[in-house]
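Geometric and topological summary
Now for the letters of each chain:
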Amino acid sequence: MRLRTASGLAATLGLAMASLVIASPASAQVSGCESLQKLLTTRQAMVAKITAAQKAKRKMTPQEACSTFGSLVNNGNETLKFASANQDWCQIPATFIEGLKNDNARIGTFRGQACNAVKQQAAMQRRAQQQAQSANPFGGADSITSGAGGGLKVPQGAL
């Protein structure tokens, strides 16, 4: 998984979250809107994890990317659900919800790519194991003929 896309994602998510916090400082004070702040804090921690991995120049494995982006998508779905249901009460700007929808769709695409890579990797490993087993289905007939478990030796020199 390329972390260049993750850096753009981190920047976009950071701006989206910052715009909500700056645009509506009173929203955290409105009763019932604390859930949104918790969801955004969790999301911010996930984005920070991706950003830290990028800064350390450590590439995420497809499994890590699938899991991390999956968590981000789930968090985004929860955040969108809450924000849409409580937009008026919590004074959430429509631009924030629209930006979050777009970001969540983009993250979903990254997650799909990473999870497909995991599936392909698992399928390749299964095929390799099946080929290894089908090439020598009895554990190796040559191990019976050579006695030492090695390959069949061909005599060297003139016969």
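Heads up: the structure comes first, above all this text.
What this report covers is the structure whose coordinates are included nearby. Treat the numbers as computed from the prediction; the structure is a model and nothing was measured.

1. Observations regarding the pattern of salt bridges
By the definition in use, this model includes 1 salt bridge. Among the ionic pairs, R58 bridges to E64, the shortest N-O distance being 3.2 Å.

2. Remarks on unusual backbone geometry
At K57, a residue that is not glycine, the phi angle is positive and equals roughly 55°. In this structure, Q91 takes a positive phi of about 55° despite not being glycine. A residue is classified by how much of its surface remains accessible, and Q91, at 49% relative accessible area, is partly exposed.

3. Thoughts on the nonpolar core
The biggest cluster of nonpolar side chains holds 13 residues, and the ones touching the most others in it are I50, A65, C66, F69, L72, I107 and A114. Residue contributions to this core peak at 5 residues, all from helix α3 (residues 62-85). L36, L39, C90 and I97 belong to the second largest nonpolar core, which has 12 residues in total.

4. Details of the state of the cysteines
Considering all chains together, one arrives at 2 disulfides under this definition. Once the disulfide-bonded cysteines of the protein chain are ranked by sequence position, their pairing pattern turns out to be 1-3, 2-4.

Cut-offs applied
Residues numbered from 1 in each chain as written. Predicted model: local features only at pLDDT ≥ 70, side-chain atom pairs only at ≥ 80, totals over all residues. Heavy atoms only, no water. Salt bridge = Lys/Arg side-chain N within 4 Å of Asp/Glu carboxyl O. Buried < 20%, exposed > 50% of the residue type's maximum accessible area, 1.4 Å probe, protein only. Core = buried A, V, L, I, M, F, W, Y, C linked by side-chain atoms within 4.5 Å. Helix = DSSP H or I, 4+ residues; strand = E, 2+ residues; numbered from the N terminus. Disulfide = S-S within 2.5 Å.

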